[in-house]
Structure formats: structure tokens, C-alpha cells
Amino acid sequence: MTNTDSTDTPDTAGTTRKHTALPKARILVEALPWLTRHHGKTVVIKFGGNAMVDDALKAAFAQDVVFLHHAGLRPVVVHGGGPQISAQLDRLGLTSEFKAGLRVTTPEAMNVVRMVLAGQVQRELVGLLNEHGPLAVGMTGEDAHTMTATKHYAEIGGERVDIGRVGEITAIDTGAVQALLDNGRIPVISSVARSADDADAHGVFNVNADTAAAALAAALGAETLMVLTDVEGLYEDWPHSDEVISRLTASELEALLPDLASGMVPKMQGCLHAVRNGVTTARVIDGRVQHSILLEIFTDEGIGTMVVPDPVATDQEGLQP
Ligand SMILES: Nc1ncnc2c1ncn2[C@@H]1O[C@H](COP(=O)(O)OP(=O)(O)O)[C@@H](O)[C@H]1O
Ligand SMILES: CC(=O)N[C@@H](CCC(=O)OP(=O)(O)O)C(=O)O
């Protein structure tokens, strides 16, 4: 038997034809240990607004998530929508300002954040997933008390700065999400949280979607947190080099955190929180690559940056977690 990717097979007319089924079979076989390993496990996938580059990518994202579902995993989607919120605020003549990587959210802006996330971005993702069957159910962190928050103050130069209706998650109730998963559905969650204070006239908070996804992954006891963004992973010396750090322990990441900039801060803080609170791996991957989720979960290659807890456990079969 030769080690080639195509074989000669007699067809019905008695001639021989080359067929290319073998490479496809190899890909499926390569996925087998990963399928076994991840079966029944919860995977929280954060889809960033910057990774929602075009319709083809969004459609491929939906295919990947549905694939995970049919492969026996329990995917949960938490989505962002920062650029989409900024565009809508702009259309309405409202300013967009970020402090310490978080949107300064006036009560007026909060209404826009909620409208864009729950009414636009989430609806689109739910629609794309449901092209494959009656699977996705959209909700926000407000629903069934899934996410409760109090006011978050930014720390800038040692000062506590008021950034409006930005929330810090204080409690997660996983009941509704678990019920949807048990019912064979795919929850799609917008990062808006209810206020812990019943007397709070505004009632809701804007939560960074990376932070929300990490908190939910920890609360669900997820196996994996996967953050899809618009870079290949965590660059070692951004913006001077595009060398991606492929693997980090929690302590190594903690040491890097003070030097990180802008969008990576909530992502890497979220990854650290997740692996310090029971999640087996947290990964930042390039959402601009079609089917990056499948590549990351089901192939030996793995892309992007993977964060693992301390100390690093090595599995007896020699598989990376
Ligand atoms: N060390 C780093 N490695 C990679 N990207 C970085 C780094 N530091 C800052 N960034 C910036 O973080 C951005 C991703 O965060 P963000 O724009 O908030 O994306 P998303 O919408 O996916 O949450 C990258 O596009 C890059 O500009
Ligand atoms: C407090 C805060 O900054 N909230 C974010 C929520 C959306 C988000 O996080 O979207 P991405 O994942 O696309 O960045 C915002 O208003 O932009």
C-alpha cells in the first residue's frame, strides 16, 4: 500500500479513476480523538464585533457552531458588537469614547448598546444558526437573572474614574443557559446585565463581551473558552512584531497583563479568570480565518494563543489539552 492521498479504483465502466476521498477520510480520522475528548463538554465561544468582518465569515461561524452541536459538544455563544454600537451611536450623533478599553456609557448610549446587541447583532447570529435547524435561542444577560452586575469604575493612573453604565458582574445564574443546552439548543447571549440594585432606575449595565463570556464560562464549568477576534492571537511584542504566543500558563499570563494594551486587556483578563476558575483552556483565535473554530477544536494544529491553568497538566495519551 503506497502512502499517497489518492488511489486508483475501477469505476462501473471498468476503467480506473483517481479519487480523492482519502485526504478527507484522514481529516475525519484526525478529528476522532478530539471528538472523543470534547464529547458532552461545554464550550463558550465569544464572537467579537471586529471578527464579524463579512457575511461569508459569519455564515462559516454559524456552520462551525452547529457542527460542534451535532458533534456532541454544548456550544454557548456570547457575542460582542463594539464597532456596530459605535456606528449606530455615530448615526445618532452621539459620541463614542473608551476609557481603559471600556465604552463610556451614558444612559442614552446604554439604550443604543442594548438595542444594537440584542436587537441587531444577536438577531443576525440567531438567524444564521437557525438556517441549520431550530437550534439557537437569543437572550441577554438580563434574562432569567443570567448576569447581575454593579457599577464598574475604571482605574486610570491610580484614579477611580466614572464611566457611566458599565457593569461589573457580581453573580451569574446559569439555570436558563443549562436548560437551553439540556433542551438541545444553542444559547446566544448579549453582554447586557441586570442591575443588582432593584432601585436602580436604569436597571441594566453594559458589560464588555470578553468579560461576560469568561464569567459565564467559569460559572458553567465549561471545558473551553474560545475568543474569536481580528488578530491571530496574543502578539508577543504588539504592535512591533506579529509573533504570536502560542501557549501560556496562568502565571505567565498574569505577569504579562500589566504590559498589555487596549482590546487585549479584557480578553486576556477573561482568559486568566476562566482558567483560574475551572475552565480547562482559554484560547484567543483569529475569527477572520474561516472555520477557525473547527481547526482549533478538531485538528492537531491548533491556532492562536492557548492559556492553561497552573500547573500544566499533561494527559497520559500525550494529547495537548
Ligand atoms: N498584544 C496584542 N496582541 C494582539 N492584539 C493586540 C495586542 N494588544 C492590543 N491588541 C489589539 O487588540 C485588538 C483586538 O481587540 P478588540 O478590537 O477589542 O476586538 P474584538 O472586537 O474582537 O473584541 C487587536 O485588533 C489589536 O489591535
Ligand atoms: C463596556 C463595553 O465596552 N462594552 C462593549 C460591549 C460590546 C463588546 O464588548 O463588543 P466587542 O467584543 O466587539 O468589543 C461596548 O460597548 O463596545
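Residues numbered from 1 in each chain as written. Chains lettered and ligands numbered in written order. Predicted model: local features only at pLDDT ≥ 70, side-chain atom pairs only at ≥ 80, totals over all residues. Heavy atoms only, no water.

Caption draft 1: Region of the structure containing empty space enclosed by the protein. Inspection of every chain in the model, using the stated rule, returns one cavity of 30 Å³ or more. Estimates place the volume of the largest cavity at around 50 Å³. What lines the largest cavity is Phe47, Leu57, Ala60, Phe61, Asp64, Leu228, Gly287, Val289, Gln290, His291, Ser292 and Ile293. The element that contributes the greatest number of residues to the lining of the largest cavity is helix H2 (residues 55-70), accounting for four residues. The residue makeup of the lining of the largest cavity, split by class, is seven nonpolar, four polar and one charged. (1 Å grid on protein atoms, 1.4 Å probe; cavity = no way out; pocket = protein on both sides within 12 Å on 5 of 7 lines; lining within 4 Å. Points joined across faces, edges and corners; volume = space filled by probe spheres on them. Helix = DSSP H or I, 4+ residues; strand = E, 2+ residues; numbered from the N terminus. Nonpolar A, V, L, I, M, F, W, Y, C, P; charged D, E, K, R; others polar.)

Caption draft 2: Just the site of ligand 1, in detail. Among the 17 residues in the neighbourhood of ligand 1, the closest are listed as Asn50, Thr229, Asp230, Tyr235 and Lys267. In the model, an oxygen atom of ligand 1 is placed 3.0 Å from a nitrogen or oxygen of the lysine 46 side chain. For ligand 1, an oxygen atom lies 2.8 Å from a polar atom in the side chain of threonine 229. Spatially, ligand 1 is embedded in the largest pocket. (Near = heavy atom within 4 Å. Polar contact = N/O pair within 3.5 Å; in protein donor to acceptor, adjacent residues only side chain to side chain. Sits in = over half its atoms within 2 Å of the grid points.)

Caption draft 3: Representation of the UniProt feature "domain: Aspartate/glutamate/uridylate kinase" (unreviewed entry) in the chain. Mapped onto this structure's residue numbering, the UniProt feature "domain: Aspartate/glutamate/uridylate kinase" (unreviewed entry) falls at residues 41-286. Spanning residues 41-286, this segment combines 36% helix with 29% strand, and its end C-alpha atoms are found 22 Å apart. (UniProt positions renumbered as here; feature names shortened; annotations may be inferred.)

Caption draft 4: Structural view of the layout of surface pockets. Each pocket or cavity is described by its volume, and for the largest pocket that value is around 920 Å³. Together, 44 residues line the largest pocket, and Asn50, Asp210, Gly263, Met264 and Lys267 are the ones closest to its centre. When contributions to the lining of the largest pocket are tallied by element, the ones reaching two or more residues are helix H3 (82-91), strand S6 (102-103), helix H6 (209-220), strand S13 (224-229) and helix H8 (264-276). For the lining of the largest pocket, the element with the most residues is H3, which contributes four residues. Of the residues that constitute the lining of the largest pocket, the class distribution is 21 nonpolar, 15 polar and eight charged. Estimates place the volume of the second largest pocket at around 670 Å³. Lining the second largest pocket we find 28 residues, and of these Leu102, His152, Glu168, Thr211 and Gln269 sit closest to its centre. Elements that contribute at least two residues to the lining of the second largest pocket include exactly strand S8 (147-156), strand S9 (159-172), H6 and H8.

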